[in-house]
Each structure stands twice: as C-alpha cells, then as structure tokens.
Amino acid sequence: MKRLTTAYIVIFLFTLFGCSSEKIVRPNTPMNAAHLMKLRIDFQDYSDFQSLFGEGYEHVVSMEDFQRFGEITTAGAGYQTYELLTFENGEMLLVAFLPSSGEEGQYKIVNVQIVPEEMNPFFKKGF
C-alpha cells in the first residue's frame, strides 16, 4: 500500500510540475479542469475537489457521491471535449470534439447528438 501511495505522489508531482515550474497544470481549459478533478478523486481530497467548482456550486457533489467516484475511477482515463447548444425552443444538441490539434488550436467535430428530453434537467441544473 505504501508503494502505491508513493507512486501516486510521484505521478501527481510529475503531472503537476512537469519538467519545470512553468508547466503547472491549472484549470484553464475543460480538459485541465477534468484532469485536476480526477487527481483530487484519486487522492480522495474532497476539499480541493470542491475548490474546482464555481462559486456557489462547491457542494453540488456530496461527500458520498465523491467517494463513489473514487470507487469507479481507474488509473487511465480518456478526456473528451463537448459543447452544448441550447435553442430558444428548449431543444439541445451535444457536440463532441477531437482534442485541439497543432499550433492553430482548431477543434474538429466528431459527433452531434440531440439531447433526450429526460436529460434536459441535468444540463439546466443550477443555471
């Protein structure tokens, strides 16, 4: 168990600091925020996990849900970027993108789905 904890700490430090202090991961992109969230879950750090949420949303995820997240996460994880289009009539489209490519930072669409009506409350929650 001690080796596993040490390995997590080493991976966390390499991820956080990279080769120099100029590469500190900040929640300045959706992917970085999700990555930092996963690290907080891996290290069972509920307080830092909550710090990633917007003001007033810190307690959207209960401690019980946070602990459940820890039970389902694995060492490897894939990250996907989505954008939600909400129309005046209440209909929604969820657009999936490939990660930004090259120096141009262009995103390419890989899928578009109509959001089922029963999922609309999830996307509207808190807004």
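The structure displayed is predicted, hence computed values, not measured ones. (Residues numbered from 1 in each chain as written. Predicted model: local features only at pLDDT ≥ 70, side-chain atom pairs only at ≥ 80, totals over all residues. Heavy atoms only, no water.)

Draft legend 1. Up close: the overall build of the protein chain. Across its full length, the protein chain carries five helices and three strands. Starting at the N terminus and ending at the C terminus, the protein chain contains elements arranged as α-α-α-α-β-β-β-α. With 127 residues in all, the protein chain has 16% of them scored as buried. Counting only contacts in the protein chain whose residues sit at least 6 apart along the sequence, the fraction spanning at least 24 positions is 26%. Total accessible area computed for the protein chain in this model is approximately 10000 Å², and 58% of it derives from carbon and sulfur atoms. (Helix = DSSP H or I, 4+ residues; strand = E, 2+ residues; numbered from the N terminus. Buried < 20%, exposed > 50% of the residue type's maximum accessible area, 1.4 Å probe, protein only. Contact = heavy atoms within 4.5 Å. Areas by Shrake-Rupley, 256 points an atom, 1.4 Å probe, with all protein chains shown as cover.)

Draft legend 2. Just the packing of aromatic side chains, in detail. On inspection of all chains with the given rule, the structure shows seven aromatic pairs. Between Tyr-46 and Phe-66, the aromatic rings sit 5.2 Å apart at their centres with planes inclined by 55°, giving tilted as the arrangement. In this pair, Tyr-46 is assigned in helix α3 (residues 46–51) and Phe-66 in helix α4 (residues 63–72), connecting sequence segments 20 residues apart. The buried category is assigned to Phe-66, whose relative accessible area is 1%. Grouped by ring-pair contacts, the aromatic residues Tyr-46, Phe-49, Phe-53, Phe-66 and Phe-69 constitute a single cluster. (Phe/Tyr/Trp six-rings, centres within 6.5 Å; stacked < 30°, edge-to-face > 60°.)

Draft legend 3. Structural view of the pattern of salt bridges. For the coordinates displayed, the defined rule picks out one salt bridge. Lys-38 is the salt-bridge partner of Asp-42, the closest N and O atoms lying 2.7 Å from each other. A residue pair is termed a helical-turn pair when its members lie 3 or 4 positions apart in one helix, as Asp-42 and Lys-38 do in helix α2 (residues 30–42) at four residues. Residue Lys-38 is classed as buried on the basis of its relative accessible area, which comes to 11%. (Salt bridge = Lys/Arg side-chain N within 4 Å of Asp/Glu carboxyl O.)

Draft legend 4. Quick peek at the sheet that holds strand β2 (residues 92–97). With antiparallel pairing, three strands are arranged side by side in an open sheet as β1-β2-β3. Two strands close off the open sheet at either side, each with one partner strand: β1 (81–86) and β3 (109–114). Recorded for the sheet is a direction-independent mean angle of 20° between the axes of neighbouring strands. Summarising the sheet, β1 and β2 pair through six bridges and their orientation is antiparallel. Residue pairing for β2: Tyr-82 is matched across the bridge by Ala-96. (Pairing = 2+ DSSP bridges. Axes fitted to C-alpha atoms, helices over the stretch in contact; angles between N-to-C directions.)

None of the figures reported here should be taken as evidence of function without further support.
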